[in-house]
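One-letter residues, chain by chain:
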Amino acid sequence: MSDPDSIDLSLLENSHAFLNEAVAKALVATTDIRHWQFAILNLVQSLELSLKAALSAIHPILVYEDIDSPKNSLSSIRAIQRLENPKIGGFTFSERDKARIRSAIKVRNEVTHSDFNLTGQYAAAKFFEIFAFVSDFQRRHLNTNVADLIPSENFQQLVQIRRLLDELVFRAKMRIAEEQVDGRFVWACPNCGEDTFVIEDGADICYVCSHEERVVECAHCEQLNFKADMESFFESLDTDYDEGQTVMHNSYGYSNFEACPDCVSKIRRDIQEQRAQEEFHRLEEEYYHKLRSLT
């Protein structure tokens, strides 16, 4: 006999509880944007529990980070890695799905641990990306039809929100076509995730959510990148801080100390190689100097 004063849920049942709460918050968010953060929080929690439920179905010990000392459960990313292991689950996750999961987890962490900015369009896009993944994952691996878990009225309202988002994207892409924007200058928007961010002629704006973000040219490869994605490698150079001033000892041939993600790792390796080569030459000079002093 169940205890009316306690809650006893399996991992899968707990996932379903968070999923229903996520949908309820998403519906409220259509009139009060503040509820999107709670919709995403609950949905990401449902996602994590879904992954753990799949691992638990293989063996309950697999939901723990350290199976030799089963205290803390593992993260979503670690759960995916374990499910992908051919000796454990042999599951297949697309790179696109894994990128979306990492992005949703990042949003969840920002919401719970720091200041954050969340637009309705971006939140809705993230919500439906993860909702679709959870729905498909539970259908394929947990024998669950998500549509059967959600009250019919709520599910129909959710479909209407999805259709509205699709309509916004459709109209944005029609505008891009009407303006004959070159496809090379249409990027994925960092705010709503749709392929509707136009950079042609310095527009630098998303036609779906109106997000504006500066686009700059990397000085090292001449490729365009979002300014926010550019990285500094100044800390890799040889500098000192003296009386409030930064003193440059060796810039290793670089004058612009910011680069795109593709270039910055190459530049750091180049600096390390130059530094090692200079150290080799210094030691070589010291060795020959000692030899000369002995003769």
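Our structure's up above, just so we're on the same page.
So, a few notes on the structure that sits alongside this text. (Residues numbered from 1 in each chain as written. Predicted model: local features only at pLDDT ≥ 70, side-chain atom pairs only at ≥ 80, totals over all residues. Heavy atoms only, no water.)

## Brief notes about the nonpolar core
Here comes step 1: Trp36, Phe127, Phe131 and Phe137 are the most contacted members of the largest nonpolar core, which totals 47 residues.
Here comes step 2: The biggest single contributor to this core is helix H5 (residues 120–141), with eleven residues.
Here comes step 3: Not counting residues up to four positions away in its chain, the partners in contact with tryptophan 36 are Ala26, Ala29, Leu118, Gly120, Ala123, Ala124 and Phe127.
Here comes step 4: Counting 17 residues, the second-largest nonpolar core is a separate cluster that includes Phe197, Tyr207, Val208 and Phe226. (Core = buried A, V, L, I, M, F, W, Y, C linked by side-chain atoms within 4.5 Å. Buried < 20%, exposed > 50% of the residue type's maximum accessible area, 1.4 Å probe, protein only. Helix = DSSP H or I, 4+ residues; strand = E, 2+ residues; numbered from the N terminus. Contact = heavy atoms within 4.5 Å.)

## Some points on the side chain of asparagine 225
Here comes step 1: If you trace the backbone, asparagine 225 turns up in strand E5 (residues 224–226).
Here comes step 2: Within the local environment of asparagine 225, its side chain forms a polar contact with the backbone oxygen of glutamine 223, the two atoms lying 3.1 Å apart.
Here comes step 3: Once you skip the residues sitting within four places of it in the chain, asparagine 225 turns out to touch Trp187, Arg214, Val215, Val216, Cys218, Met230, Cys260 and Pro261. (Polar contact = N/O pair within 3.5 Å; in protein donor to acceptor, adjacent residues only side chain to side chain.)

## Some words on the pairing of strand E8 (residues 245–250)
Here comes step 1: One ladder, built from five bridges, connects strand E7 (residues 238–242) with E8; its direction is antiparallel. Across the sheet, residue threonine 239 finds its bridge partner in E8, namely methionine 248.
Here comes step 2: Hairpin connection, E7 to E8: the antiparallel pair is bridged by two residues, and glutamate 243 has positive phi, about 50°. (Pairing = 2+ DSSP bridges.)

## Some details on the side chain of lysine 98
Here comes step 1: Among the structural elements, lysine 98 can be located in helix H4 (residues 95–113).
Here comes step 2: What makes lysine 98 buried here is its relative accessible area of 15%.
Here comes step 3: The contact partners of lysine 98, leaving out residues within four places of it in the chain, are Ile80, Glu84 and Phe93.

## What to know about the sheet that holds strand E1 (residues 186–187)
Strand-to-strand pairing in sheets goes through backbone hydrogen bonds, with the strands running parallel or antiparallel.
Here comes step 1: Reading across the sheet, the three strands line up as E1-E2-E3 and stay open at both edges, with antiparallel pairing between neighbours. This sheet does not close on itself; its edge strands, each paired only once, are E1 and strand E3 (205–206).
Here comes step 2: Bridging between strand E2 (residues 197–198) and E3 involves two bridges; their strand directions are antiparallel. The residue bridging valine 198 from the neighbouring strand is isoleucine 205, located in E3.

## Considering the layout of surface pockets
Here comes step 1: Estimates place the volume of the largest pocket at around 980 Å³.
Here comes step 2: Lining of the largest pocket is provided by 31 residues; of these, Tyr122, Lys126, Cys189, Pro190 and Gly193 occupy positions nearest its centre.
Here comes step 3: Looking at the lining of the largest pocket, the elements that each hand over two or more residues are H4, H5 and helix H7 (152–178).
Here comes step 4: A breakdown of the residues in the lining of the largest pocket according to their chemical character gives 13 nonpolar, six polar and twelve charged.
Here comes step 5: Taken as a whole, the second largest pocket holds about 230 Å³ of empty space.
Here comes step 6: Lining of the second largest pocket is provided by Ala29, Thr30, Ile33, Trp36, Gly120, Gln121, Ala124, Ile161, Leu164, Leu165 and Leu168. (1 Å grid on protein atoms, 1.4 Å probe; cavity = no way out; pocket = protein on both sides within 12 Å on 5 of 7 lines; lining within 4 Å. Points joined across faces, edges and corners; volume = space filled by probe spheres on them. Nonpolar A, V, L, I, M, F, W, Y, C, P; charged D, E, K, R; others polar.)

Spatial relationships are all this shows, so hold off on functional conclusions.
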